[in-house]
Amino acid sequence: MDLTFYITIAGKSTRMGADKAEQILGGKTFLERLTNTISDLGFTPFLITQEDVKVKNNLPCIPDYTPQIGPLGGLYQSLRHAETAYIVYLSCDIPLLPAEVLKLLMKQASSQACSMVCYKNKMYPLIGIYHKSILPVVSHQLKGKNYKMMDLIERVNARGVSVESWVNDEILLNCNNVDDLEKLKDYYNNCL
């Protein structure tokens, strides 16, 4: 599949109180863990960053020129930047995401405008594959100042890819605060 990976690290991390991408789990940062998973699949991800830098953590970067509006802005920048038909758009705060989930998502995504992880009937738009053809829809939504990812996935009729057999609640935990981080560390130390 013709695709490019993007990891958004452009969030403010206000609930965490520190940069989520740099949080440590099992001796590696969240970003290192996710990057290693993507590298094992044969890809080098781009980072979507707050600052205008070319490289961060030895990874190529593109700036999010739409700050303060959440992940939809990063998705817009990713779709504009990509030279491939599809992009994989991920948040940095899912450090235990297994490669098997990404492989399944990639396998099921062809011919869809948007496919994303679905677990317990919940869609995860920050673990998704998006076709460049939705760029006008994203742009229109941004112009209307509607920054909700869930509204976008309804507009483009996103397909959910069930990952029930590959994950549990902790693996897909969107680690947003210190309590989430402690829960994730406990799971990592006691279950993996």
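So, a few notes on the structure that sits alongside this text.

A short note on the overall build of the protein chain
A count of helices and strands for the protein chain gives six helices and 10 strands. Expected size for 192 residues packed as a compact globule is a radius of gyration near 16 Å; at 16 Å, the protein chain falls within 12% of this value. Oriented by its inertia axes, the alpha-carbon framework of the protein chain measures out at about 45 × 35 × 30 Å. Mean positive and mean negative side-chain charge positions of the protein chain (20 and 20 charges, respectively) differ by 6 Å.

Examining the packing of aromatic side chains
For the structure on display, the rule yields three aromatic pairs. Measuring from centroid to centroid gives 4.8 Å for Phe5 and Phe43, while their planes differ by 50°, and the two rings are tilted. You can see Phe5 sitting in strand β1 (residues 3-8) and its partner Phe43 sitting in the loop between α1 (30-40) and β4 (46-49), a full 38 residues away along the chain. Residues Tyr6 and Phe46 carry aromatic rings whose centres are separated by 5.4 Å and whose planes lie at 20° to one another, so their mutual orientation is stacked. Separated by 40 residues along the polypeptide, Tyr6 in strand β1 and Phe46 in strand β4 bring together distant segments of the chain.

A few points about the pairing of strand β6 (residues 59-63)
Among the five residues in β6, four count as buried, and that is most of the element. Bridge count for β4 against β6 is three bridges, and the pairing is parallel. From the neighbouring strand, Thr49 faces β6, where its bridge partner is Pro63. As consecutive antiparallel partners, strand β5 (residues 55-56) and β6 are separated by two residues, and within that stretch Asn57 has a phi angle of approximately 55°, a positive value.

A word on the side chain of Thr84
Mapped onto the fold, Thr84 is located in the loop between α2 (71-81) and β7 (86-91). A distance of 2.8 Å separates polar atoms of two side chains, one belonging to Thr84 and the other to Thr4. A distance of 2.8 Å separates the side chain of Thr84 from the backbone oxygen of Tyr86, its partner in a polar contact.

Quick notes on the sheet that holds strand β9 (residues 122-131)
With mixed pairing, eight strands are arranged side by side in an open sheet as β5-β6-β4-β1-β7-β9-β8-β10. Looking at which strands have only one partner, the edges of the open sheet turn out to be β5 and β10 (159-162). Two strands pair when backbone bridges link them, and β7 and β9 are joined in this way by five bridges, in the antiparallel orientation. By the bridge assignment, Ile87 is partnered in β9 with Tyr130. Strands in contact with α1 are β1, β4, β6 and β7; relative to β1, the strand with the most contacts, it is inclined by about 175°.

So, how was this worked out
- Residues numbered from 1 in each chain as written.
- Predicted model: local features only at pLDDT ≥ 70, side-chain atom pairs only at ≥ 80, totals over all residues.
- Heavy atoms only, no water.
- Helix = DSSP H or I, 4+ residues; strand = E, 2+ residues; numbered from the N terminus.
- Rg over C-alpha atoms; globule rule 2.2 N^0.38 Å.
- Lys, Arg positive; Asp, Glu negative; His and termini not counted.
- Charge placed at Lys NZ, Arg CZ, Asp CG, Glu CD.
- Phe/Tyr/Trp six-rings, centres within 6.5 Å; stacked < 30°, edge-to-face > 60°.
- Buried < 20%, exposed > 50% of the residue type's maximum accessible area, 1.4 Å probe, protein only.
- Pairing = 2+ DSSP bridges.
- Polar contact = N/O pair within 3.5 Å; in protein donor to acceptor, adjacent residues only side chain to side chain.
- Contact = heavy atoms within 4.5 Å.
- Axes fitted to C-alpha atoms, helices over the stretch in contact; angles between N-to-C directions.

Interpretation note: all reported values are geometric properties and have no functional meaning in isolation.
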